[in-house]
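Listed below are the residues making up each chain.
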Amino acid sequence: MSNIPKDLKYTKSHEWVKLNADGSVIVGITHHAQDLMGDMVFVELPQAGTKVTSGKECGVVESVKAASDVYAPVSGEIVEANATLADSPETVNKDCYGAGWMFRLKPANKAELDGLLDAKAYEALVASEKH
């Protein structure tokens, strides 16, 4: 089973979400997603100040195998993008839950966070996709 930290929330489109003490959230793609894609070669992220809508694409990751959209897990405003990924997209493969984070955003509605999957539900989703 792929690495699914218990302290994070997840989306059905394979993004992870970590709630920070200041109310912002950090977003990245899951181990499962990066594992399926293979070696990352390009990451395009939203700029700070960009308004994003839950479930809508807001970035792109490209690997040697495929390109995939990155979706906003909740609506809000981008506070910061991980600039190091522009020069080192492979960081997503090496440390998707740490240095490979994508962006930080300030949620417009905290209640949207309640609609995200917990680790157990995400693990079930991943298992169902393998059949």
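Given the structure is predicted, the values throughout are model-derived calculations rather than measurements.

Focus: the environment of lysine 94
Then step 1. Looking at the element boundaries, lysine 94 is found in helix α3 (residues 91-94).
Then step 2. We classify lysine 94 as exposed; its relative accessible area is 68%.
Then step 3. Here the alpha-carbon distance between lysine 94 and lysine 6, two residues 88 residues apart in the chain, equals 19 Å.

What to know about the sheet that holds strand β1 (residues 9-10)
Then step 1. A sheet is described by the order of its strands in space; here 6 strands give the open sequence β1-β2-β3-β9-β8-β5, paired in antiparallel fashion. A single partner strand is all that each edge strand has here, and the edge strands are β1 and β5 (51-52).
Then step 2. Bridging between strand β8 (residues 76-81) and strand β9 (residues 103-107) involves 5 bridges; their strand directions are antiparallel. Among the inter-strand pairings, isoleucine 78 is bridged to a residue of β9, identified as leucine 105.

Conventions adopted
Residues numbered from 1 in each chain as written. Predicted model: local features only at pLDDT ≥ 70, side-chain atom pairs only at ≥ 80, totals over all residues. Heavy atoms only, no water. Helix = DSSP H or I, 4+ residues; strand = E, 2+ residues; numbered from the N terminus. Buried < 20%, exposed > 50% of the residue type's maximum accessible area, 1.4 Å probe, protein only. Pairing = 2+ DSSP bridges.

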